[in-house]
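Chain residues, written in single-letter form:
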Amino acid sequence: MIVKFSNHGKGKASGVLNYLLKEKGSDGALVPRKHAKVLYGDPVLTEHLIDTTVHKSKYKSGYLSFSERADEISEDDKKRIMQEFEKVIFCGLEPDQYDILWVEHADKDIDDNNPVGRLELNFVIPCQELRTGKSFQPYYEPADQRRVNAWKNIINAEVKTINAERLSDPNDPKRQRLVNPYNSHAPRPSPFNINSYSKKQSDEDDEIIQHPKSRRDLEEALKRRLLLESQRGVVINRQSLLTTLRRWGLNVNRSNSETSVSVKHDDLKDKNGRVMSVRLTGGMFAKNYRGIEFKPYIQEVNSNTYYSEPNKTHRSQLDKMNLEEGIKIKAQYHQERYKEATLPEPLVIQKVKIANSVEEALDPKGTEPTKRYIPSFRR
């Protein structure tokens, strides 16, 4: 399971809600999306909160993506995962201080043998604390990534499928891939399958790299050609990868991250005439990339080491420590930011007996009341 947060969140709620709950029918009209269902929350309430907020950031959305299919994980475990995710995000807040909508998708990788697709638990969170009306930022990567990653690792280690199999771990060395086989626009199947890559296709990709028509075309061509160069033993680490990109006439950004590389081509410009970047992701583009570690036999050895008991114990202890410390820090931040959001003390009303014709009247010979008539009002 992996956790992903979207960069969207400044428009109307209809955009994200239509994506989660609807799809275009044969006549082009929106119809309920197949294999999608609301697990928790109220779409109408969530839409209202998003569309009425005055804050610039109106909502935060994302998803928990699983390799397992939706019917391979029990409903109880889905509920546990959602509830624990909320505790990690809304540290120190009460349930009436936030809103969240959960929508299950089970339409990924469906085929004749698998009528139920991979599980995705999608969430939408209005960016507003509900008692004070102040802005609320559910996830800020520099502050929250370590805590969320620690929780993800714990879930992957503890939750089992209905067949008692562990969840797929994205950190397993056997699951590491040289390139991310999908970009945000590429249709399936993956356009980066190198097994059937021909000399003709290689020449076509060289032409695309020299004269790209779109960022998508350039990204796909670069990944295919770099995979080929890796198989040839030309690209074996980041330095040789950057040298190859420059040799192909691309401008490599100096501020490349630990896990990706960004390049620019002078022919790719936005509507304002600015040169656009193409971000390349996958194991090949990591700062510490070493080609030999992606050989199948090396990945098998590294995977066995990864799942050894000493390493599992060490990772578990580290993740639990990071999660506990992260929740404590975030809870203190939330409580300080929304400290005026405490609920008022319950209103205490003293009951006073009143002599009247409806309930009670004083006995003329004393102070004890004489009951006459007590109506059955709701109290």
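Residues numbered from 1 in each chain as written. Predicted model: local features only at pLDDT ≥ 70, side-chain atom pairs only at ≥ 80, totals over all residues. Heavy atoms only, no water.

*Asks:* Looking at this model, I keep getting lost on the overall build of the protein. Mind explaining?
*Replies:* Secondary structure summary: the protein contains 9 helices and 12 strands in total. Here the protein holds 379 residues, and the buried ones make up 40% of them. Within the protein, counting contacts between residues at least 6 apart in sequence, those at least 24 apart form 64% of the total. Counting every atom, the protein has about 23500 Å² of accessible surface; 50% of that belongs to carbon and sulfur. (Helix = DSSP H or I, 4+ residues; strand = E, 2+ residues; numbered from the N terminus. Buried < 20%, exposed > 50% of the residue type's maximum accessible area, 1.4 Å probe, protein only. Contact = heavy atoms within 4.5 Å. Areas by Shrake-Rupley, 256 points an atom, 1.4 Å probe, with all protein chains shown as cover.)

*Asks:* Sorry if this is basic, but what is going on with the packing of aromatic side chains here?
*Replies:* Each aromatic ring pair is specified by the distance between its two centres and by the angle formed by the two planes. In the structure shown here, the tally under the stated rule is 12 aromatic pairs. Residues F85 and W102 carry aromatic rings whose centres are separated by 5.6 Å and whose planes lie at 75 degrees to one another, so their mutual orientation is edge-to-face. You can see F85 sitting in helix α3 (residues 75-89) and its partner W102 sitting in strand β6 (residues 101-108), a full 17 residues away along the chain. Each member of the pair, F85 as well as W102, carries the same accessibility label: buried. Judged by centre distance (5.8 Å) and plane angle (55 degrees), the rings of Y289 and F294 are tilted. Take Y289 and F294: they sit in the same class, and that class is buried. One aromatic cluster is present, formed by F5, F85, W102, F123, Y139 and W151 through successive ring pairs. The ring of Y19 carries the charged tip of R33 above its face, separated from the ring centre by 4.9 Å. Across from the ring centre of Y306, 3.6 Å away, lies the NZ or CZ of R315, which sits over that ring. (Phe/Tyr/Trp six-rings, centres within 6.5 Å; stacked < 30°, edge-to-face > 60°. Lys NZ or Arg CZ within 6 Å of the ring centre and 35° of its normal.)

*Asks:* Can you walk me through the pattern of salt bridges in this structure?
*Replies:* Where side chains of opposite charge bring their charged atoms close, a pairing between them can arise. Within the structure shown, the criterion is met by 26 salt bridges. Measuring nitrogen to oxygen at the nearest pair gives 2.9 Å for the salt bridge that ties R224 to D205. Note that R224 is positioned in helix α6 (residues 215-231) and D205 in helix α5 (residues 199-210), a separation of 19 residues in sequence. You can call D205 buried: its relative accessible area is 3%. Close ionic contact of R274 with D270 constitutes a salt bridge, the shortest N to O distance being 3.2 Å. Classification of R274 by relative accessible area gives exposed; the value is 53%. (Salt bridge = Lys/Arg side-chain N within 4 Å of Asp/Glu carboxyl O.)

*Asks:* Please explain the sheet that holds strand β8 (residues 251-252) as it appears in this structure.
*Replies:* Two strands in a sheet stick together by hydrogen bonds in their backbones, pointing the same way (parallel) or opposite ways (antiparallel). Across the sheet, 3 strands lie side by side as β8-β9-β10; this open sheet has antiparallel pairing. This sheet does not close on itself; its edge strands, each paired only once, are β8 and β10 (275-281). Alignment of β8 against strand β9 (residues 260-269), held across 2 bridges, turns out to be antiparallel. In the sheet register, N251 faces β9, and the bridge partner there is K264. (Pairing = 2+ DSSP bridges.)

*Asks:* Teacher, can you tell me more about the packing of α5 against α6 here?
*Replies:* To describe two helices that pack against each other, one gives the angle between their axes and the distance between the axes. It is at 9 Å that the axes of α5 and α6 come closest, and there the two elements cross at 130 degrees. Between α5 and α6, the crossing angle belongs to the class labelled oblique. Of the two possible hands of crossing, α5 and α6 adopt the one that is left-handed. Residues S202, D205, D206, I208 and I209 of α5 touch α6, and the partners they reach there are D217, L218, A221, L222, R224, R225 and L228. (Axes fitted to C-alpha atoms, helices over the stretch in contact; angles between N-to-C directions. Parallel < 35°, antiparallel > 145°, perpendicular 65-115°, else oblique. Left-handed = near helix turned anticlockwise from the far one by under 90°.)

*Asks:* Help me understand α5 in this model?
*Replies:* In an α-helix, one turn spans 3.6 residues; hence positions three or four apart end up facing the same way. With 12 residues, α5 should cover 16 Å at 1.5 Å per step; its first-to-last C-alpha distance of 17 Å lies within 8% of that length. For α5, the full list of buried residues reads S202, D205 and I209. Burial along α5 is one-sided: seen end-on, the buried residues are contained in an arc of 60 degrees. (Expected span 1.5 Å × (residues − 1). Arc of directions from axis to C-beta.)

*Asks:* Could you clarify how one ought to interpret the nonpolar core in this entry?
*Replies:* Nonpolar side chains tend to gather and get buried jointly when the protein is soluble and globular. With 34 residues, the main nonpolar core has L64, F66, F85 and W151 as its most contacted residues. Among the secondary structure elements, those contributing two or more residues to this core are β1 (2-5), β5 (59-69), α3, β6, β7 (118-126) and α4 (141-158). What F85 contacts, discounting residues up to four positions off in sequence, is V3, F5, L64, W102, F123 and W151. If you look at the next biggest cluster of nonpolar residues, it comprises 24 residues, including W248, V252, V263 and M284. (Core = buried A, V, L, I, M, F, W, Y, C linked by side-chain atoms within 4.5 Å.)

*Asks:* Even after reading the chapter, I still don't get the pairing of β10, so can you show me in this structure?
*Replies:* It is a general feature of regular strands that their side chains alternate between the two faces of the sheet. Inspection of the sheet shows β9 paired to β10 by 6 bridges, in the antiparallel sense. Directly across from K264, in β10, lies its bridge partner S277. Here β9 folds back onto β10, and the loop between the two strands holds 5 residues, one of which, G273, carries a positive phi near 85 degrees.

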